[in-house]
Amino acid sequence: MSSLSAVLSEFASDVDAVFLFSPSRGFYESFEEIENLVVVAPENAVDAPEFVELPLEFDNVRDRIRFGIEGAMGSEIVDEGDTAACIASVFDDDSDSLIRVRVEESMRSGIYDLFTNSRADPSVIRDVFEVAIELGKKGQKGKPVGALFVVGDAGKVMNKSRPLSYNPFEKSHVHVGDPIVNVMLKEFSRLDGAFVISDSGKLVSAYRYLEPGAEGVDIPKGLGTRHMAGGAITRDTNATAIVLSESDGLIRAFKGGKLILEIDPEEY
Ligand SMILES: Nc1ncnc2c1ncn2[C@@H]1O[C@H](COP(=O)(O)OP(=O)(O)OP(=O)(O)O)[C@@H](O)[C@H]1O
Ligand SMILES: [Mn+2]
């Protein structure tokens, strides 16, 4: 019978890269000699040569790992088919778990790029996603609902749009992520137009009719006017558009006039 350490050493062998998630300095130093070491953390406090920035602390370890791997794929630290040993903390602040992960092409979801290369704060993008996912899962009073969120570069977005109705957020200072705002966003999503949200998450307007130029947008055929307007506004401005489709239930994100992410809220 083999000992636990023999089994574990087998488990940790034949890996192409070792990922340390937010390691303490001491813990990192004990790995320093190891090849293909990648640190994934909000900041590179240990001065690791290979570093992937984690713009948010994902509470869910699975999300944290997928995100770190996607970031590493983007900078070609790992590739499809590689095996990564991920060392992270599940229960407390210290690294307590080793997770073996096979790097797959499907991990290149676009989420990493969306969070790290958007103008808006990553936590604002996350909060808007959460509202969209919840709306997509539950709908509005059981019926499927669509919604269009334009996040970041709000001044320019306002210049390229007009109001369809009175703006319920006029003079208010509410931010996405506030529980009351999530309720309001869900309620107002029944009505026409787009939500405009600033880089820092302030609700600037609801009921905006977007009037971007439509030329040069590269949006898959079959999507309607909500998606077209959402996509096009991101070409004319530095905003990110997050669109929940009423007809197919998917959430799509657009940046620079391009579709960069498509997810099914039921999978979240
Ligand atoms: N330029 C625009 N600016 C803001 N909102 C718009 C704009 N054009 C359409 N919408 C919104 O999109 C809604 C749905 O329109 P449409 O069905 O053509 O879009 P779609 O892309 O097919 O979206 P869905 O998949 O949700 O049906 C409209 O009722 C309106 O609220
Ligand atoms: Mn439609």
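Not measured: the values here are computed from a predicted model.

Novice: Is there a simple way to think about the sheet that holds strand E1 (residues 17–21) in this case?
Specialist: Whenever strands of a sheet pair, they do so through backbone hydrogen bonds, lying parallel or antiparallel. One open sheet accounts for 5 strands, arranged E3-E2-E1-E4-E5; its pairing is mixed. Every other strand in the sheet has two partners, leaving strand E3 (51–53) and strand E5 (97–102) as the edge strands with one partner each. The average angle at which neighbouring strand axes cross in this sheet is 25°, direction not considered. Here 6 bridges tie strand E4 (residues 83–88) to E5, and the two strands are oriented antiparallel to one another. Bridge assignment links Thr83 to a residue of E5, and that residue is Arg102.

Novice: So what exactly am I meant to see when it comes to the nonpolar core here?
Specialist: Looking at soluble globular proteins, one finds that nonpolar side chains tend to be buried together. Ranked by size, the top nonpolar core spans 66 residues in total, and within it Val128, Phe149, Val150 and Ile197 carry the most contacts. Counting residues per element, this core draws most heavily on helix H5 (residues 122–138), which supplies 7 residues. For this core, the domains that each give at least three residues are domain 1 (4–110) and domain 2 (118–267). Those residues in contact with Ile197 that sit more than four places away from it in its chain are Val124, Val128, Phe149, Val150, Val151, Ala154, Val176, Lys202, Leu203 and Val204.

Novice: Honestly, the site of ligand 1 in this entry has me stumped. Any pointers?
Specialist: The environment of ligand 1 is made up of 16 residues, and the closest members are Gly146, Gly224, Arg226, Ala229 and Ser245. Listed by contribution, the elements that provide at least two residues to the shell around ligand 1 are strand E9 (203–210) and helix H8 (225–236). Top element by residues in the shell around ligand 1 is H8. It accounts for 4 residues. Here the residues of the shell around ligand 1 are counted per class, giving 6 nonpolar, 7 polar and 3 charged.

Novice: I would appreciate a short explanation of the sheet that holds strand E11 (residues 251–255) in the present structure.
Specialist: Across the sheet, 7 strands lie side by side as E7-E9-E8-E6-E10-E11-E12; this open sheet has mixed pairing. Only two strands of the sheet have a single neighbouring strand rather than two, namely strand E7 (161–163) and strand E12 (258–263). Direction aside, neighbouring strands of the sheet carry axes that sit 30° apart on average. Taken together, the 5 bridges between strand E6 (residues 147–151) and strand E10 (residues 240–244) define a ladder with antiparallel strand orientation. Counterpart to Phe149 in the pairing with E10 is Ile242. This element, H8, spans E6, E9, E10, E11 and E12 of the sheet and lies at about 170° to E10.

Novice: Looking at this structure, I do not really get the domain arrangement of the protein chain. What am I missing?
Specialist: Interface size, as often reported, equals the accessible area lost upon joining of the parts. Segmenting the protein chain into domains produces domain 1 (4–110) and domain 2 (118–267). The straight-line distance from the C-alpha centre of domain 1 to that of domain 2 is 33 Å. Between domain 1 and domain 2, the residue contacts involve 4 residues of the former and 5 residues of the latter. Split by residue class, the side of domain 1 that touches domain 2 holds 2 nonpolar, 2 polar and no charged.

Novice: Help me out: how do you make sense of the UniProt feature "domain: DAC" (unreviewed entry) in the protein chain in this one?
Specialist: Per the UniProt record, the feature "domain: DAC" (unreviewed entry) sits at residues 108–265. The distance separating the terminal C-alpha atoms of residues 108–265 is 17 Å; by composition the span is 32% helix and 23% strand.

Conventions adopted
Position numbers for residues start from 1 in each chain and track the written sequence from start to end. Each chain gets a letter, beginning with A, and each ligand a number, beginning with 1, in the order they are written. Local features are withheld for residues below a pLDDT of 70 in this predicted model, meaning they are given only at 70 or higher, and side-chain atom pairs are given and counted only at 80 or more; totals for whole chains, interfaces and linings count all residues. Any two strands with at least two DSSP-identified bridges between them are counted as paired. Numbering of helices and strands starts at the N terminus; helices are DSSP runs of H or I of at least 4 residues and strands are runs of E of at least 2. Axis definition: a line fitted to C-alpha atoms, over the contacting stretch in the case of helices. Angles run 0 to 180 degrees between N-to-C directions. Throughout this description, the term nonpolar core refers to a group of buried Ala, Val, Leu, Ile, Met, Phe, Trp, Tyr and Cys residues whose C-beta atoms join them within 7 Å. To sort residues by burial, count the other C-beta atoms lying within 10 Å of each one's C-beta; a count of 20 or more means buried, 12 or fewer means exposed, and anything in between means partly exposed. C-beta atoms are built from the backbone. Boundaries between domains were set according to an automatic or database domain assignment. Here contacts are defined at the residue level, using C-beta atoms placed from the backbone and a cut-off of 7 Å between them. Any residue whose C-beta atom, as set from the backbone, lies within 6 Å of a molecule or strand is reported as near that molecule or strand. Classification used: nonpolar for Ala, Val, Leu, Ile, Met, Phe, Trp, Tyr, Cys and Pro, charged for Asp, Glu, Lys and Arg, polar for all others including Gly. UniProt positions are given in the numbering used here, feature names are shortened, and annotations may be inferred rather than shown by experiment.

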